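The chain contents come next:
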Amino acid sequence: MAERPYIVGNWKMNGTRAMLAQARAIDRAAQNMMKVEVALAPPFTLIHAVHREVEQIGVGAQDCHPGPDGANTGDVSAAMVADAGAKFVILGHSERRRDHGESNALVAQKAVAALQAGMRLILCVGETEETRDAGKAEAFVTRQLKASLPETLESPADSLTVAYEPVWAIGTGRTPTVEEIGAMHCAIRALLVDLYGAEQAAQVRILYGGSVNAENARDLLAADEVGGALVGGASLTAENFLGIVVAAADTVDS
Ligand code: PEP
């Protein structure tokens, strides 16, 4: 486990202002668990409101457009989400790749836009069940990550987090084994060392995502090279999410 685990809640297309109470409760609890870095990625419509409500936790976006401005009805630029209070953006989530046909090249363009707007990246990668069953998961994920990263990244230690999220584990209640997660995270770490050198790569946290909950978090977070978790369903209530944050706090050496 990384020195300071990073636990990020992805609210997806959930939440109206009624959910601000959950963000407040998460923020209050996080103030007493400084060993863990806690963040929420609410939908676009709540970024500014959550940003105004919280003091301790990070606030981010779930996507951004690669362009700066213009005739792109319904899209939101990186500068816009940063202006609303986002400090990071989740990119390349499998739901965006699946539902919006996002390619690795588009994810890389969005990453460049997000960095230019001064935000950090959480870059998501993950294989389908078919790919895992074919024994090609590590080759697929490392290729996907390499192709989704911007061509140049000056300081990955400060700007990059990777989230390994097997597509078949998202929202299904199924997870890889601790050994499988460890092996994948080690393969991702090796790629980062290759790309950025050992010193920078060592500081990039690699999150696991996919059906993490308060019950399984302790085991999953203990896998090799896991620096935290990206949490979907279990981040929607403070009670469930904080169970994961407490598990992460328990894994940190005192
Ligand atoms: C996700 O989609 O990022 C995710 C991890 O979802 P869940 O925790 O619901 O599986």
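Residues numbered from 1 in each chain as written. Predicted model: local features only at pLDDT ≥ 70, side-chain atom pairs only at ≥ 80, totals over all residues. Heavy atoms only, no water.

Let us look at the nonpolar core. Ranked by size, the top nonpolar core spans 71 residues in total, and within it Ile7, Leu145, Leu160, Val162, Ile188 and Leu192 carry the most contacts. Ranked by the residues each element gives to this core, the list is headed by helix H12 (residues 238-251), at eight residues. Once residues lying within four places of it in the same chain are set aside, the contact partners of Leu192 are Leu145, Leu160, Val162, Gly197, Ala201, Val204 and Ile206. Counting 11 residues, the second-largest nonpolar core is a separate cluster that includes Val8, Ile122, Cys124 and Leu207. (Core = buried A, V, L, I, M, F, W, Y, C linked by side-chain atoms within 4.5 Å. Buried < 20%, exposed > 50% of the residue type's maximum accessible area, 1.4 Å probe, protein only. Helix = DSSP H or I, 4+ residues; strand = E, 2+ residues; numbered from the N terminus. Contact = heavy atoms within 4.5 Å.)

Before going further, it helps to spend a moment on the site of the ligand. The local shell around the ligand holds 15 residues, among which Lys12, His93, Glu165, Gly171 and Ser211 are the closest. A distance of 2.7 Å is found between an oxygen atom of the ligand and a backbone nitrogen or oxygen belonging to Gly171. Here an oxygen atom of the ligand and a backbone polar atom of Gly233 are 2.8 Å apart. Burial of the ligand by the protein chains amounts to 95% of its free accessible area of 300 Å². Taken atom by atom, the bulk of the ligand overlaps the second largest pocket. Residues of the shell around the ligand, tallied by class, amount to four nonpolar, eight polar and three charged. (Near = heavy atom within 4 Å. Polar contact = N/O pair within 3.5 Å; in protein donor to acceptor, adjacent residues only side chain to side chain. Areas by Shrake-Rupley, 256 points an atom, 1.4 Å probe, with all protein chains shown as cover. 1 Å grid on protein atoms, 1.4 Å probe; cavity = no way out; pocket = protein on both sides within 12 Å on 5 of 7 lines; lining within 4 Å. Sits in = over half its atoms within 2 Å of the grid points. Nonpolar A, V, L, I, M, F, W, Y, C, P; charged D, E, K, R; others polar.)

Below, the discussion takes up the sheet that holds strand E3 (residues 58-61). The parallel closed barrel is built from eight strands, whose spatial order is E1-E2-E3-E4-E5-E6-E7-E8. Strand-to-strand twist across the sheet, computed as the mean angle between neighbouring axes with direction ignored, equals 25°. Note: strand E7 (residues 205-209) against strand E8 (residues 228-231), two bridges, orientation parallel. Pairing of Gly209 across the sheet is with Leu230, part of E8. Lying on the sheet, H12 is in contact with strand E1 (6-10), strand E2 (37-41) and E8; it crosses E1 at an angle near 165°. (Pairing = 2+ DSSP bridges. Axes fitted to C-alpha atoms, helices over the stretch in contact; angles between N-to-C directions.)

Note: most peptide bonds trans; most residues except glycine with negative phi. In this model, Lys12 sits at a positive phi of 50°, which is unusual for a non-glycine residue. Structurally, Lys12 can be placed in the loop between E1 and helix H1 (20-30). Of note in the backbone geometry, Ser211 takes a positive phi value of approximately 60° without being a glycine. With respect to the element layout, Ser211 can be found in the loop between E7 and helix H11 (217-221). Accessibility expressed as a relative area gives 16% for Ser211, which makes it buried.

Moving on to the pairing of E1. With five of five residues buried, E1 is to be regarded as a mostly interior element. Of the two faces of E1, both are covered, the one formed by Tyr6, Val8 and Asn10 as well as the one formed by Ile7 and Gly9. Looking at chain direction, E1 and E2 are connected through five bridges and run parallel. Paired with Asn10 across the strands is Ala41, a residue of E2. Running through H1, the crossover from E1 to the neighbouring parallel element E2 is right-handed. (Right-handed = clockwise from strand over helix to strand, strands pointing away.)

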